[in-house]
Amino acid sequence: MRFAPAWTRRERAASLLSSPIVIRDRAVVAVVSLMVLLPSFLFAPVLRAFPAALLMAGCCGAFWLVLGPKPVSDDDVLRRPLRVRQLSACIGLAFVIFLLGGETHLFYATEDWSIRDAVLADLVSHGNPVLYDWNGATYLLRAPLGMYMVPAFVGRGLGLFAAHVALLGQNATLLGATLYLLMSLGRGWAHLAILIAFGGLSIVGALLLSTAGQDHYWPHLQRWGMDTWHPFYQYSSSIVQFFWVPNHALPGWWLATLLLLNTRSTVDVATIGVSVAALAFWSPLAVLPFIPWLVFVVATQWREVLFARRTWVGFIIAAAFLPIVAYLLLAPATIAHDSPLSQNNFLLWYVIFILFQLPVLRLVGAQWSDVPREWRALFVINGAILLALPFFKFGPNNDLVMRGSITSLVIVAFVFGALAPREKGKLVVAALAYVLIAIGSVPAMYEVYRAIVKPRYAISRCSLQEASLAIDKQGLPSNYIAPATAMPNWLIDLRGIEAVGFVDRPCWPDRKQ
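In this text the structure is predicted, and so the values were computed from the model without any measurement. (Residues numbered from 1 in each chain as written. Predicted model: local features only at pLDDT ≥ 70, side-chain atom pairs only at ≥ 80, totals over all residues. Heavy atoms only, no water.)

What about the overall build of the protein?
Our working rule: In this description a helix means any DSSP run of H or I spanning at least four residues, a strand means any run of E spanning at least two, and both kinds are numbered starting from the N terminus. Computation of the radius of gyration draws on C-alpha atoms, with the globule rule given as 2.2 Å multiplied by the number of residues to the power 0.38. Residue exposure (1.4 Å probe, protein chains only): buried if accessible area is under 20% of the type maximum, exposed if over 50%, otherwise partly exposed. The positive count covers Lys and Arg only, the negative count covers Asp and Glu only, and His and the chain ends enter neither. One atom stands in for each charge, and that atom is NZ of Lys, CZ of Arg, CG of Asp or CD of Glu.
Helix and strand counts for the protein come out as 25 helices and three strands. The C-alpha atoms of the protein give 24 Å as radius of gyration, which agrees with the globular expectation for 513 residues (24 Å, within 12%). Residues counted as buried form 55% of the 513 residues belonging to the protein. Here the protein contributes 38 positively and 27 negatively charged side chains, and the mean placements of these two sets differ by 10 Å.

Here you go:
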């Protein structure tokens, strides 16, 4: 064996030390993936020894797999050097969005935060798992806890307010990184503005119902937002998602980003698969669009997918997240569900909903020749999902429609936003596009207006049980709890855990309706 001269080795070492280290956009995917996986890793110690070890191994394996992909396309956007100023601006924008949305309660917090604050308070005060006594029975906190685990971990050591600050930092970083990558895939800040302001024609639907004698909707809309105009369904605009349901919005937006990156051959099926396995702990409903997408990809690219070693490695790693699935599926029959087809005048209400919520589908169809070929299948799949979701109902407020639509709405908005500024030669189509953007942004503007004008209120320390009873006196919400007797002994040992005590106290004494 021949060795290089000592001076050569020293020169090589010196050149490596002196050459600048280039951080590329792929590092953003790695950091977000780590943040997505960390809640599952922190949840693992709650489990019995074997499922805990399996889940921890799955988290480590998933992160290793995400780091593994190499660029397979000359047009790989993740090979670009990291633009620190743009990333910082996107994270700063995300901080503003979530602060206005009520995180840390610096501004008015929407009513959904009543329950989410209670979940975080219980995890900070009691750790995990959390048990509740109600009407002589014991219930377990069974909910997608992905958004809460890291802030609760911080709060266990530093207190509840520190947990809320950590929640803001976590969510803003995740959203900011997602917006940065979407901007890289798209057409800059104007494209990003369309994405953030995107929404349906909710205000038009509300005006229609008002003229039809449904005046009682206006007090309802003022309280719950313009996107709740329809009596049965809701597709939330982007700002509404961030203000009301960041725990569902963040995984939905990240999955949409991964699927769009896949159209540029920058992430593979294995990376998306293990990401979805981790994102399910954040919101199992928000990641449902992955299933039809995967079916399509396997059907059309079966050689590349099924013969790839990484695909099967990813499948094995994703299977390690089955303890999370078992936890989330505890007593699913206790969650409200039925068929919307039994509703009176279902087809009429369906047509009205689609007409006012998804006019963007028709407009993109009118510009189909301008849609980049790599986006077409993804757009069609997610457009079909949005058309099909109202035929199903799951959750107290039909959460399936509201949460399961998030990923698809982001993808449809992204394609629409990429086309809208281009139509210089099609004045009618361009005018319609900007009218849709303007009218669709009304729910977002209302949410921002309310956040600024309405008085803030303090963070509550009430438990989930106390907050739920303070809201409607009907007890614990079925989508957050399961009977403790439903917990299999092999998954979590509940022996010796005391139920959270109930204190009859005002939860929001300074909140005005």
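Now, onward.
A look at the state of the cysteines
Here is the rule we go by: Pairs of cysteine sulfur atoms within 2.5 Å are what we label disulfides.
Across all of its chains, the model carries one disulfide by this definition. The disulfide bridge from Cys-462 ends at Cys-507, spanning 2.2 Å between sulfur atoms. On the sign convention where negative is left-handed, the bridge of Cys-462 and Cys-507, at about -105° about the S-S bond, is left-handed. Here Cys-462 is found in the loop between helix 24 (442-453) and helix 25 (464-472), whereas its partner Cys-507 is found in the segment after strand 3 (481-483), with 45 residues between them in sequence. Residue Cys-462 is classed as buried on the basis of its relative accessible area of 3%.

Describing a nonpolar patch on the surface
Heads up, the condition is: To count toward a patch, a residue needs a relative accessible area above 30% and no salt bridge. Like charges then connect within 9 Å, nonpolar side chains (Val, Leu, Ile, Met, Phe, Trp, Tyr) within 5 Å. With residues, only the protein chains shown are counted as cover, and all accessible areas are computed by Shrake-Rupley using a 1.4 Å probe. Take a side-chain nitrogen of Lys or Arg and a carboxyl oxygen of Asp or Glu: if they are within 4 Å of each other, that pair is a salt bridge.
A cluster of nonpolar side chains, Trp-302, Leu-306, Phe-307, Trp-312, Phe-315 and Ile-316, forms an exposed patch at the surface whose accessible area comes to about 710 Å². Looking at the nonpolar patch, the elements with two or more residues in it are helix 15 (302-306) and helix 16 (309-319). Ranked by residue count, the leading element in the nonpolar patch is helix 16, at three residues. As for its position among the elements, Phe-307 is in the loop between helix 15 and helix 16. Relative accessible area serves as the criterion here: at 62%, Phe-307 is assigned to the exposed category.

Overview of the pairing of strand 1 (residues 131-134)
Heads up, the condition is: When DSSP finds two or more bridges between two strands, those strands count as paired.
The pairing of strand 1 with strand 2 (residues 137-141) spans four bridges and is antiparallel. Pairing of Tyr-132 across the sheet is with Tyr-139, part of strand 2. Once strand 1 ends, the chain turns through two residues before running back antiparallel as strand 2, passing Asn-135 with a positive phi of about 55°.

Considerations on the sheet that holds strand 3
Applied cut-off: As a rule, the C-alpha atoms of each element are fitted with a line to give its axis, helices using only the stretch in contact, and angles between N-to-C directions run from 0 to 180 degrees. Residues are treated as being in contact if the distance between any of their heavy atoms lies within 4.5 Å.
Across the sheet, which stays open at both edges, the three strands sit in the order 1-2-3 with antiparallel pairing between neighbours. Strand pairing shows two members of the sheet lacking a second neighbour, strand 1 and strand 3, which therefore form its edges. Adjacent strand axes in the sheet meet at a mean angle of 40° when their direction is disregarded. Where helix 25 meets the sheet, its contacts fall on strand 1, strand 2 and strand 3, and the angle it forms with strand 1 comes to roughly 45°.

Considering helix 7 (residues 160-185)
Since the α-helix turns once every 3.6 residues, residues separated by three or four places project in the same direction. As a reminder, the rule being used: The length a helix should cover is 1.5 Å for every residue beyond the first.
Compared with an ideal rise of 1.5 Å per residue, which puts 26 residues at 38 Å, helix 7 spans 38 Å between its outermost C-alpha atoms and is within 8% of the ideal. In terms of burial, helix 7 is largely enclosed, as 22 of its 26 residues are buried.

Things to note about the environment of Pro-284
Relative to the helices and strands, Pro-284 resides in the loop between helix 13 (269-279) and helix 14 (290-300). Taking the C-alpha atoms as reference points, Pro-284 and His-248, 36 residues apart in sequence, are found 8.6 Å from one another. Ignoring any residue separated from it by four or fewer positions in sequence, one finds Pro-284 in contact with Pro-144 and Leu-328.

Structural notes on the packing of helix 12 (residues 246-263) against helix 13
Applicable threshold: Throughout this description, any angle smaller than 35 degrees is read as roughly parallel, any larger than 145 degrees as roughly antiparallel, any in the 65 to 115 degree range as roughly perpendicular, and the remainder as oblique. Ten residue types, Ala, Val, Leu, Ile, Met, Phe, Trp, Tyr, Cys and Pro, are classed as nonpolar, four, Asp, Glu, Lys and Arg, as charged, and the remainder, Gly among them, as polar.
It is at 10 Å that the axes of helix 12 and helix 13 come closest, and there the two elements cross at 175°. What the angle tells us is that helix 12 and helix 13 run roughly antiparallel. Side by side, helix 12 and helix 13 meet where Pro-251, Trp-254, Leu-255, Leu-258, Leu-259 and Asn-262 of the first sit next to Val-269, Ile-272, Ser-275, Val-276 and Leu-279 of the second. Residues of the contact of helix 12 with helix 13, tallied by class, amount to nine nonpolar, two polar and no charged.

What about the packing of aromatic side chains?
Counted only if it meets this: A pair of Phe, Tyr and Trp rings is counted when the ring centres sit within 6.5 Å of each other, with Trp represented by its six-membered ring. The angle between the planes then sorts it: under 30 degrees is stacked, over 60 is edge-to-face, the rest tilted.
Considering all chains together, one arrives at 21 aromatic pairs under this definition. For the pair Tyr-233 and Phe-346, a centre-to-centre distance of 6.5 Å together with 85° between the ring planes defines the contact as edge-to-face. In this pair, Tyr-233 sits in the loop between helix 10 (217-224) and helix 11 (238-244) while Phe-346 sits in helix 18 (residues 346-357), placing the two residues 113 residues apart along the sequence. The pair formed by Tyr-233 and Phe-346 is uniform in burial state, with each residue classed as buried. Among the aromatic residues, ring-to-ring pairing joins Phe-232, Tyr-233, Tyr-235, Phe-346, Trp-349, Tyr-350, Phe-353 and Phe-391 into one connected group.

Observations regarding the environment of Leu-131
With respect to the secondary-structure elements, Leu-131 resides in strand 1. When the C-alpha atoms of Leu-131 and Arg-403 are compared, they prove to be 26 Å apart, with 272 residues separating the residues in sequence.

A closer look at the pattern of salt bridges
Counted according to the given criterion, the structure contains nine salt bridges. A salt bridge links Arg-83 to Asp-25; the shortest N-O distance between them is 3.0 Å. Here Asp-25 lies in the loop between helix 1 (6-18) and helix 2 (26-43) and Arg-83 lies in the loop between helix 3 (49-67) and helix 4 (84-100), a separation of 58 residues in the sequence. Classification of Arg-83 by relative accessible area gives partly exposed; the value is 27%.

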